[in-house]
Amino acid sequence: MFEVFSRSYYLGRLYVTPTNGEHALMHSDQHERINEEVYATGDGVERLDAPLVMKLETSHFPVHGADAVPTNTLALPESMLEGIDVRNPPSLREVFLARRERARQLLSFAGGLRADDAGPTGDEPSNAGT
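Residues numbered from 1 in each chain as written. Predicted model: local features only at pLDDT ≥ 70, side-chain atom pairs only at ≥ 80, totals over all residues. Heavy atoms only, no water.

Our focus in this paragraph is the pairing of strand β4 (residues 52-56). Of all 5 residues making up β4, 4 are buried, and the element is well covered by its neighbours. Pairing of β4 with strand β5 (residues 59-66), which is carried by 5 bridges, proceeds in the antiparallel orientation. Counted as the bridge partner of M54 is F61 from β5. Turn length for the β4-β5 hairpin, with the two strands adjacent in sequence and antiparallel, is 2 residues, and the turn residue E57 shows positive phi of about 55°. (Buried < 20%, exposed > 50% of the residue type's maximum accessible area, 1.4 Å probe, protein only. Helix = DSSP H or I, 4+ residues; strand = E, 2+ residues; numbered from the N terminus. Pairing = 2+ DSSP bridges.)

Given below as structure tokens:
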């Protein structure tokens, strides 16, 4: 689903569709699997429900899991889609997934979440969610 893009991001393609909710969402099973592969270290008991940090065009946002969202789909609130060209939703788009350390940094800048909510630091696997 995601492949290494840079030292800070993985690159993947997801269907982007609007949602009436307040948060960016993806299918909960995929969210948990990606969380485990990208943010977990394998040391002890770890949270697998922490938000993933993704980027679409120039916007970064936390992504939560939800069973109602179809697989391979990123559901974004209407307000987040303003200025983003999403035609005939769902629209297949390139999406960036922040690596563990980059996610921690972005979440700490965003406020509202502590930097350690994104998981501990360390080396990530070469591919995520594949």
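Right, let's get into the pattern of salt bridges. Throughout the structure, instances matching the rule amount to 2 salt bridges. Between R93 and E57 there is a salt bridge, with its nearest N and O atoms 2.8 Å apart. Of this pair, R93 sits in strand β7 (residues 91-98) while E57 sits in the loop between β4 and β5; the two residues are 36 residues apart in sequence, bridging distant segments of the chain. Judged by relative accessible area, R93 falls into the buried class, the value being 16%. A salt bridge links R104 to E101; the nearest nitrogen and oxygen atoms lie 3.6 Å apart. Of this pair, R104 and E101 both sit in helix α3 (residues 100-110), 3 residues apart, which is roughly one turn of that helix. A relative accessible area of 18% places R104 in the buried class. Overall, E101 belongs to the partly exposed group, its relative accessible area being 41%. (Salt bridge = Lys/Arg side-chain N within 4 Å of Asp/Glu carboxyl O.)

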